[in-house]
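Listed below, chain by chain, are the residues.
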Amino acid sequence: MLGGYAGKILHVDLSKRMFKKEILDPKFARAFLGGRGFGAKLLFDHLEPGVDPFSPDNVLIFATGPFTGTNMPKGQRYSVVTKSPLTGGYGDGEGGGHFGPELKFAGYDALIVKGKADKPVYIWIDDETARLEDATHIWGRGVFEADKIIKDDKADKLVRVAAVGPAAEKLVRFAAVTNDLYRHAARGGGGAVMGSKNLKAVAVRGFGGVEAANTDEFNKVAEEAMKKTYDNPGRKGMYDWGTWGGGGGWDLKQYNLWGIHPTRNYRSGYFENYEKIYGKNFRDRLLLKQRACFACPLACGRHALIRDGPYKGTFVEGPEYETITMLGSDCGVDNIEAIAKAHQMCDDLGFDGISAGNVVAFAMECYEKGLITKEQTGGIELKWGDPEAQMALLKKIAYREDIGDVLAEGVKIAAEKIGGSAPDFAMHVKGLPLPAYEPRGALGQALAFAISDLGGSHDRAWTYGEEITNPKLDRFSTDAKAELVKNNMRMRTLPDILGYCRFVLLSYDDYAKAMAALTGWNITAEELMTVPDKVTTLTRAFNVREGFGRKDDILPPRAMKEPVVDGPTKGRMVTKEELDKMLDEYYLLMGWDKDGIPKRETLEKYGMTDVAEKLTSRGILLS
Ligand code: SF4
């Protein structure tokens, strides 16, 4: 067996109730390595273009990486890849916790699900055995209860569950896949695709391990990697403060001082009450203890308990920076107990919390402008900063009640349905709501949002830190930004492919040493560095095949026509000329043409002649 891999892919056809095991092809493994590299290629190959994301023909892929389940520090990631119901293009989310390692211990590198069950089911993988189990008794339940019932059914607390909540069952387009109760493979709407397939959960128990080609060498490399990670100052910062910040450095306070902290639906990048929602308050008032994913010395997760007020007694893992911002400042909420409670609701209802906060902020602005009435909200006074209104709306979205039915479509479709000026302040790219960073605060980050295959995501490139702190860069200049975005994208994509958490990274040489010992391949840092570029070109090809192009690499009208209203970025916008210049440069660096279509020679350089042929057969590339 190939070191680092379980050696099998499990195919599940829910319509036919059929399971099939496929031996992992070593050439495929070497070319795409794993994680979302596997997911991107499998999705491209297994899905015909034009399929509705909620059709039984859509494909849902769970894919681990070679580091997943090994003793590399933070080797626990898995990817959920599908055609996104939010964008109609490529979608993925990366989950942490213990689910990914367990899938590998059960003997599978990836799981490919298609079809639709005729009634609610969950997939039960018990080492080599896999079957469908009835899920009618957990359909309609929240994520927390579903997880518990499955563990009780199997009389095994160590079963690892990736489940969806009521939001997914109601086809809320930004529903998440949640594993280990609080870890989310979110953003692309994979949870909604699970719901559309009547698939409540995937539950796994595995008793195997991951073997290395050269065990002694791999253990040595992994130990060195653990030491480097442990000694990195960023490790201590994450352990002490998690992503809610408080210890200085690049955190919520700094983002306000930089003017990039979304406030009231991105009107501003500065929240006047940011100190109220800063990390020290969370730590002093809510923290119970740190929580780590599999093999992680950072433990950025926070177990928290609300000790006072109307939400007293609520236990929550989190919130983290993204939800503090999107459910906090972006909705004008400055009450940390309320933010923690709303975060917990998102977890249990099964939302992508970033998108949920973005949608609520959008709805609050619609209400302020009279585009949504109190009658449409079912009596909710949807005012900025009102946590009760926010939580009431979250429930309505999850169950598609009143205006919640429209908002469940995500901001892009909701804005089109609401009409008037709503599309001007719907803060998304390609249909995916923007995350917790103001897009007008630095031009490289603006480019990163515009070109992301997912849409409005910081998962591909996050350049703010370097753009603002590197004295050689001017954040409001287009100079050198295309290259910065490409390099940053490469650095952040490789861990997703290897099955490795992105917080506190190693060098490409470190990854290459680990991969060589793990797989037995003669693999170099240079070879590894090409794989993220290849995968990014492949997901671009997927999107191009679905009809996306340069016209879609654009920012929301608010970012390009409305200046930031106050704070350190007051007056800033991104002009069309600036974006066009950066797009031209980025496409050139990626080997794509001026319309953003990957060139034949680029696809062939990466060994993807088959992808080039498929684009040719659809008239996208000339033969
Ligand atoms: S840093 Fe946080 S998200 Fe990453 S592996 Fe550790 S606990 Fe999980």
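Above: the structure in question.
Residues numbered from 1 in each chain as written. Predicted model: local features only at pLDDT ≥ 70, side-chain atom pairs only at ≥ 80, totals over all residues. Heavy atoms only, no water.

A.B. asks: I'd like a rundown of the environment of His 303, residues and numbers included.
C.D. replies: Among the secondary structure elements, His 303 is positioned in strand E14 (residues 301-305). In the structure, His 303 is positioned 255 residues away from Glu 48 in sequence and 43 Å away in space, judged by C-alpha atoms. In this structure His 303 touches Leu 286, Leu 287, Leu 288, Lys 289, Arg 291, Phe 315, Val 316 and Glu 317, once residues within four positions along its chain are discounted. (Helix = DSSP H or I, 4+ residues; strand = E, 2+ residues; numbered from the N terminus. Contact = heavy atoms within 4.5 Å.)

A.B. asks: Please give an account of the side chain of Thr 478 that cites residues and values.
C.D. replies: One can find Thr 478 in the loop between helix H18 (464-469) and helix H19 (481-498). For Thr 478, the side chain forms a polar contact with the side chain of Lys 581, separated by 2.9 Å. (Polar contact = N/O pair within 3.5 Å; in protein donor to acceptor, adjacent residues only side chain to side chain.)

A.B. asks: Explain the sheet that holds strand E12 (residues 199-205) to me, and be specific about the residues and the numbers.
C.D. replies: Pairing within the open sheet is mixed, and its six strands lie in the order E8-E7-E12-E9-E10-E11. Single-partner strands in this sheet number two, and they are strand E8 (129-134) and strand E11 (183-185). Averaged over neighbouring strand pairs, the angle between their axes works out to 20 degrees when direction is ignored. Sheet analysis places strand E7 (residues 121-126) next to E12, joined by six bridges and oriented parallel. Looking at the pairing, Trp 124 lines up with Ala 203 of E12. Helix H4 (residues 143-154) rests against E7, E8, strand E9 (160-163), strand E10 (177-179) and E12 of the sheet, and its axis sits at about 50 degrees to E7. (Pairing = 2+ DSSP bridges. Axes fitted to C-alpha atoms, helices over the stretch in contact; angles between N-to-C directions.)

A.B. asks: Residue-level account of the packing of H19 against helix H20 (residues 508-519), with values.
C.D. replies: In a packed pair of helices, the relevant descriptors are the angle between the two axes and the axis-to-axis distance. Look at H19 against H20: their axes get within 12 Å of each other, and the N-to-C directions meet at 25 degrees. Relative to H20, the element H19 lies roughly parallel. Seen from above, H19 lies across H20 with left-handed handedness. Of the residues in H20, those touching H19 at Asn 487, Arg 490, Met 491, Leu 494, Pro 495 and Leu 498 are Tyr 508, Tyr 511 and Met 515. Within the contact of H19 with H20, the residues separate by chemical class into seven nonpolar, one polar and one charged. (Parallel < 35°, antiparallel > 145°, perpendicular 65-115°, else oblique. Left-handed = near helix turned anticlockwise from the far one by under 90°. Nonpolar A, V, L, I, M, F, W, Y, C, P; charged D, E, K, R; others polar.)

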